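# Analysis of the macromolecular model
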Amino acid sequence: MNIMFFLLPKSKVAYVQDDFTLRQTVEKLRYHHYTAIPILDSQGHYLRTVAEGDILYYLKDHDGMDFKMAEDVSISEVTSERDIHPIHSMARMEDLYYLSLGQNFVPVIDDKGVFIGIVTRQAILKYYFASLKG
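Notes on the structure follow. The structure displayed is predicted, hence computed values, not measured ones.

Reading the values: rules and limits
Sequence order sets the numbering: in each chain, residues are counted from 1 along the sequence as written. The predicted origin of the model limits local features to residues at a pLDDT of at least 70 and limits the giving and counting of side-chain atom pairs to 80 or more, whereas totals for whole chains, interfaces and linings rest on all residues. Heavy atoms from the whole structure form the basis of all side-chain values; hydrogens and water molecules are not counted. The criterion for strand pairing is that DSSP finds at least two bridges linking the strands in question. Only DSSP runs of H or I reaching four residues or more are called helices, and only runs of E reaching two or more are called strands; each is numbered from the N terminus. Any two residues whose heavy atoms approach within 4.5 Å at even a single point are treated as in contact. Here an axis means a line fitted to C-alpha atoms, over the contact stretch when the element is a helix, while the angle between two N-to-C directions is reported on a 0 to 180 degree scale. Side-chain atoms within 4.5 Å link the members of a nonpolar core, which is a set of buried Ala, Val, Leu, Ile, Met, Phe, Trp, Tyr and Cys residues. A simple rule labels every residue: compare its accessible area, found with a 1.4 Å probe on the protein chains alone, to the largest value its type can have, and call it buried under 20%, exposed over 50%, or partly exposed in between.

### Considerations on the sheet that holds strand 4 (residues 46–51)
The strand order 2-3-4 describes an open sheet built from three strands, whose pairing is mixed. Each edge of the open sheet carries a strand with a single partner, namely strand 2 (16–17) and strand 4. Contacts between helix 1 (residues 22–32) and the sheet are confined to strand 2, strand 3 (36–40) and strand 4, with strand 3 contributing the most and set at about 135° to the helix.

Laid out in structure tokens, this is it:
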């Protein structure tokens, strides 16, 4: 099975660019009810994923920061505790499966590292469950 069958395309996925502020990122996470969001550069390359926990740790380490101050902090300053690994669009289904075990979604990139969308763990589980039912 081709992993592209499961792809939620970039046009339907919320993401932030590396020049977004911490506040913009928090607002996007909240609006979409996400717990993590991909970060892309200006050319659309996948850089990494930032999670709510990463933001909370940043706030903890910067005592006294309020939401107004978060407008002056680039999301690039917030480090990620976990590596959310992307997968190439032509990867094998079993590679997608193993990556999904440790993350809620798997970012998908093309030959040039450009982000083209995500595959959710839910979509993968539905596929495997349906194949078990025959």
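That was the structure; now back to the text.
### Regarding the nonpolar core
Burial of nonpolar side chains together is a common tendency in soluble globular proteins. Formed by 15 residues in total, the largest nonpolar core has its most connected members in Leu22, Ile37, Val50, Ile55, Tyr58, Ile75 and Val78. Those elements that provide at least two residues to this core are helix 1, strand 3 and helix 2 (52–61). Apart from the residues within four sequence positions on either side, Tyr58 is in contact with Leu22, Met65, Val73, Glu77 and Val78. By size, the runner-up hydrophobic cluster in this structure holds ten residues, among which are Phe6, Leu7, Met93 and Val108.

### Some details on the side chain of Ser100
Examined against the element boundaries, Ser100 turns out to sit in helix 3 (residues 93–100). The exposure class of Ser100 is buried, given its relative accessible area of 3%.

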